[in-house]
Amino acid sequence: MVKARRGSGGVPVPDKKELSGRMPIEDAGIPAELTLFLSQHTGAPSKPLVNVGDEVKRGQKIAEAQGAVSACLHAPTSGKVKAIEPRYQPVLGRESDAIVIAPDGEHALYEGLAPVGDDLEAISQDKIREVVRESGLVGLGGAAFPTAVKLQPPPDKKIDTYLLNGAECEPYLTADQKLMEEAAQDIVFGFRALMKGAGVEKGIICIEDNKPDAIRAMEEAAKPYPELEVAVLSHRYPRGGEKQLIEAVLGREVPPPPGLPLDVGVIVSNVGTAHALAVALKTGLPLVERIVSVTGEGVARPSNFRALIGTPVSYLIEKAGGFSGKPGKVILGGPMMGVAVKDTDVPVLKGTSGVLVLPAQAVKSEPVLPCVRCGRCVEACPMRLLPVWMAAYAENGYLEEAEKMRVMDCCECGVCSYVCPSRRPLTQSIRLAKSQIAAKRRAAAKK
Amino acid sequence: MTDRLLITSSPHIRAPKTVRGIMLDVVIALVPACVAAVIFFGVKALMVLVASTVSAVVSEYLYEKAVKRPVTVGDFSAVVTGVLLGLTLPPGVPLYVPIVGSAFAIVIAKQIFGGLGTNFVNPALAGRAFVLAAWPLHVTSAWLNPLTMDAATGATPLHAFKGGQAVGSLTDLLIGNRLGSLGETSAVAILLGGIYLLVRGVIDYRIPVAYLGTLGLGVFVFGKPGALFQGDPLRGILLGGALLGAFFMATDYVTSPVTPKGRTYFGIGAGLITLLIRYWGDYPEGVTYAILLMNLATPLIDRFVVPKYYGYMHDVEARRRAREGGR
């Protein structure tokens, strides 16, 4: 077992995984409508291959990747294309084109799907890369970065270690935990396939110590493979952030932006991604469903679902027994980095690891007080920045000063706002400054 | 379909600690020192503490009303300032001393500069510095004998210690059975409060450890007149206001550095200035001015003592390569 370091910054956060942690993964079933955004991954939107009125089947490609960084899209179930129109995309925070499918309830599989096999020795590296690309695989941890891009690092970068991220450091969420407990074999198979696809010899599976059952299952499944190890991390948010994970497990630090993990010889993927690849190789089924925790004090029966991509959040909440009392916030993802949505009509995206419902009484807003310079944000910042000054500059419009304080390095993990006793929205101010600086840079680049 | 949902930027949960909760913790941590003061110096000590606290809260309220700012007495920071100022005064002072001192602390040192968070010196210490200048005799000689509570004329143990004379037993120093200001006397009571603050995560251990460590080391080296390395570090720390200063004054968030390393430097600096004043200055005690001076140095420390950002070594390396490539 690899001994992980403590790493920089971070804070203890409430666990809350007990809410849904003991619920086995159940199939959510087929909702009345599926909304599949062409843009639900990092990079260029995909391009539709179907027209309104077309019949589609489960696993059929309905949109093609466009450009170097993009991912294709598949129909999660059989049915008819009802519309191709702009819908509200919660992560982008604006309307975005989506293919809307009306399921026919048959759940008929697309005839073109063929299993590749379950013997890795017999599958070539190129074949793995092709399956990753053709399955529309993206990082299922939340960022939804196209996995195919990660597997093809520039030839001058030597990758020596592949990290499989099962840290799941966000409170409440148990999607990765349950998957590791229930499908450890498949995850290990998928992980070894990812490693082969990227040409990496050594793999480390990283799990936080608050998931003992998952650790046991993964250690058991990884035992036959000497190239695999399990690293146990202390439960401390945001230890599961990509850069934080690399620091804690390998003692390496990724260069500042635009530096990438591959600059220090590392690739990181989420356990869900590995599992999805295993499914694609063994059955031929591309990425059309994922595990979603529906949890929080605001739902009656916190659950873990295997949900079709595009399933409306309202449908999943109903499946979880509905709201318990008056809901205050519905969040896609965890409470630290998730996105609050204005209604529950939005669908599950490829990167949606959870639907968190906080009851109305839990989201009372508190008054924002002046900063007392307690320094908690400085100690908590995993990027070792100075949120106290960055936020102050940002709030007062001193973008250049904020930039000098390396505001662009910020990973927006939210710990600064979390620990602030004056309840200042530091992360929000910093995020705003980042987007303004990015806009300025784009404008300057155009000139 | 649902009731209106709240949309805010992440994170969606917050740590339980609030400014008010933190200040309340400080008040709780000060209770043992106040109780010890009342046990040893009786009702006079109580009167001083009540006068300074009430004056601080009333000053804050009146000032904020007068300038039409939101009233912030509910955050307990004025209570902390009042109690702390009271603890720095001798038990026998006339009550106008704590009253005026607290009013100065709150109005001049804190509110005029914008209130909690924007004051640049510790209000309680500024108040003490003010009354020390205004009524030097009251503040440095209104001692009471502990337990008997009659007026004492002798020098405080710190004076005696400075002259190299023998001072009371360690037991008396620890429990507080000696001459001194209200909060200077009982080391046990202050330590109890300090440990409470450390355990509750209210203060950073770096400031008290660096401060008292520097002071103790300095007393060991220079503490005995005419001889080096023969001082008594324990008594050097226990006498005077160093303990109160280290745990309750120097750790004031607003006027100490925000970075962990900066806090260590802050503590060392305060320790050095305290030594300088004690052994080479005319004042018997230097805690007040040491911390005040370090308060003034805090912006400088915050500017230059910053953590190395994640991944900085790659930039260092890139610069080195660029330099060597240039040659």
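For every chain, the first residue of the written sequence is number 1, and numbering continues from 1 along that sequence. The order in which chains are written sets their letters, starting at A; the order in which ligands are written sets their numbers, starting at 1. For this predicted model, a pLDDT threshold of at least 70 governs which residues receive local features, and a threshold of 80 or more governs which side-chain atom pairs are given and counted, while totals over whole chains, interfaces and linings are taken from all residues. Water and hydrogen atoms play no part in the side-chain values, which are based on all heavy atoms of the structure.

### Focus: the pairing of strand β12 (residues 228–233) of chain A
All names here are of chain A. Note the following rule: Pairing between strands requires that DSSP locate at least two bridges from one strand to the other. Runs of E in the DSSP output that reach at least two residues are strands. Runs of H or I that reach at least four are helices, and both are numbered from the N terminus. Classification remark: right-handed applies to a crossover when, strands pointing away from the viewer, the course from the first strand over the helix to the second runs clockwise.
With two bridges connecting them, strand β1 (residues 2–3) and β12 associate as parallel partners. From the neighbouring strand, K3 faces β12, where its bridge partner is V232. In the sheet, strand β11 (residues 202–208) pairs with β12 via six bridges, with the strands oriented parallel. From the neighbouring strand, I205 faces β12, where its bridge partner is V230. Each parallel crossover has a hand, and for β11 linked through helix α5 (residues 212–222) to β12 it is right-handed.

### Some points on the side chain of T81 of chain B
Note the cut-off: A contact between two residues is defined here by any heavy atoms of the two lying within 4.5 Å.
With respect to the helices and strands, the residue T81 of chain B is situated in helix α2 (residues 77–87). Excluding its chain neighbours within four sequence positions, the residues that come into contact with T81 of chain B are A105, I106, P123 and A124 of chain B.

### Looking at unusual backbone geometry
Put simply, Y237 of chain A and P238 of chain A share a cis peptide bond, and its omega is -5°. For P238 of chain A, the location among the structural elements is in the loop between β12 and α6 (242–250). For the bond running from S10 of chain B to P11 of chain B, omega is 0°, close enough to zero to count as cis. Here P11 of chain B is to be found in the segment before α1 (19–66).

### Some details on the nonpolar core
Nonpolar side chains tend toward joint burial in soluble globular proteins. Test applied: Working definition of a nonpolar core: buried Ala, Val, Leu, Ile, Met, Phe, Trp, Tyr and Cys residues. They are joined through side-chain atoms within 4.5 Å. Buried residues are those whose accessible area, probed at 1.4 Å on protein chains only, stays under 20% of the maximum for their type, while exposed residues exceed 50% and partly exposed ones sit between those limits.
Counting 78 residues, the largest nonpolar core has L84, L87, L182, L243 and F248 of chain B as the members making the most contacts within it. Residue contributions to this core peak at 15 residues, all from α1 of chain B. Not counting residues within four places of it along the chain, the set of residues in contact with L87 of chain B comprises L30, A33, C34, L49, S181, L182, G183, E184 and L244 of chain B. L140, Y162, I215 and A276 of chain A belong to the second-largest nonpolar core, a separate cluster that totals 51 residues.

### A few points about the sheet that holds strand β4 (residues 47–48) of chain A
Residue and element names in this part refer to chain A. Read across the open sheet, the three strands follow the order β4-β6-β7; overall the sheet is antiparallel. Bordering the open sheet on either side are β4 and β7 (73–74), each of which pairs with just one other strand. Two elements, strand β6 (residues 61–64) and β7, share two bridges in a ladder whose sense is antiparallel. Bridge pairing links A63 to L73 in β7.

### Thoughts on the environment of P286 of chain A
Residue and element names in this part refer to chain A. Its location among the elements puts P286 in the loop between α7 (271–283) and β14 (289–295). When its relative accessible area of 6% is taken as the criterion, P286 is described as buried. Filtering out sequence-adjacent residues up to four positions away, P286 remains in contact with G59, H74, L113, E134 and S135.

### As for the sheet that holds β11 of chain A
Residue and element names in this part refer to chain A. Going by this rule: Axis definition: a line fitted to C-alpha atoms, over the contacting stretch in the case of helices. Angles run 0 to 180 degrees between N-to-C directions.
Strand order across the open sheet formed by five strands is β1-β12-β11-β10-β13, with parallel pairing between neighbours. Strands with a single pairing partner mark the edges of an open sheet, and in this sheet they are β1 and β13 (266–270). With six bridges connecting them, strand β10 (residues 161–166) and β11 associate as parallel partners. By the bridge assignment for β11, G166 is matched with I207. α5 contacts β11 and β12 of the sheet and is inclined by roughly 165° relative to β11. Here α7 sits on the sheet and contacts β10 and β13; the angle it forms with β13, its principal contact strand, is near 75°.

### As for the interface of chain A and chain B
The following threshold applies: The term buried area denotes the loss of accessible surface (1.4 Å probe radius) that occurs when two parts are joined, taken as the sum for both partners. Salt bridges, as used here, are contacts in which a Lys or Arg side-chain nitrogen is within 4 Å of a carboxyl oxygen on Asp or Glu. Under this definition, polar contacts are N or O atom pairs within 3.5 Å; protein pairs additionally need one hydrogen-donor-capable and one acceptor-capable atom, and for neighbouring residues in sequence, both atoms have to be side-chain atoms. Each residue is assigned to one of three groups, with Ala, Val, Leu, Ile, Met, Phe, Trp, Tyr, Cys and Pro labelled nonpolar, Asp, Glu, Lys and Arg labelled charged, and all others, Gly among them, labelled polar.
Tallying the contact residues gives 66 residues for chain A and 46 residues for chain B. Taking both sides of the interface into account, the surface hidden between chain A and chain B amounts to around 4400 Å²; carbon and sulfur atoms contribute 58%. Broken down residue by residue, the surface that chain A buries against chain B is led by V372, R373 and R384 of chain A, which jointly contribute 15%. Counting the contacts that link chain A with chain B gives three salt bridges. A salt bridge links E379 of chain A to R263 of chain B, with the nearest nitrogen and oxygen atoms 3.2 Å apart. Our enumeration of links across chain A and chain B arrives at 28 residue pairs in polar contact (both at pLDDT 80 or more). Looking at the side of chain A that touches chain B, the elements with two or more residues in it are α6, β16 (327–332), β17 (339–341), α9 (376–380), α10 (387–395), α12 (415–419) and α13 (426–446) of chain A. The dominant element in the side of chain A that touches chain B, judged by the number of residues it contributes, is β16 of chain A, at five residues. Split into classes, the residues belonging to the side of chain A that touches chain B amount to 35 nonpolar, 12 polar and 19 charged.

### As for the environment of A15 of chain B
Residue placement: A15 of chain B occurs in the segment before α1. A15 of chain B sits in the buried class, given a relative accessible area of 11%. Expressed as a C-alpha distance, the spacing of A15 of chain B and P233 of chain B, which sit 218 residues apart in the sequence, is 40 Å. Every residue in contact with A15 of chain B, bar those within four places of it in the chain, is listed here: Y418, V419 and R423 of chain A.

### What to know about the confidence of the model for chain A
Any region with low pLDDT has predicted coordinates that should not be read closely. Cut-off, in case you're wondering: Values of pLDDT, which run from 0 to 100, indicate the predictor's confidence residue by residue.
Overall, the prediction assigns chain A a mean pLDDT of 95, with 100% of residues at 70 or greater. Element-level pLDDT for chain A is lowest in β1 of chain A, with a mean of 78, against a maximum mean of 98 in strand β15 (residues 303–308) of chain A.

### What about the domain arrangement of chain A?
Residue and element names in this part refer to chain A. Stated precisely, the cut-off is as follows: A domain assignment, automatic or from a database, supplies the domain bounds used here.
Looking at chain A, the domain boundaries give domain 1 (1–13 + 120–364) and domain 2 (376–446). Surface buried jointly by domain 1 and domain 2 totals about 1100 Å² across both partners, of which 61% is contributed by carbon and sulfur atoms. A per-residue breakdown of the area domain 1 buries against domain 2 is headed by S8, V11 and M336, which together make up 31% of the total. Scanning the region where domain 1 abuts domain 2 turns up two salt bridges. E247 is the salt-bridge partner of R384, the closest N and O atoms lying 3.4 Å from each other.

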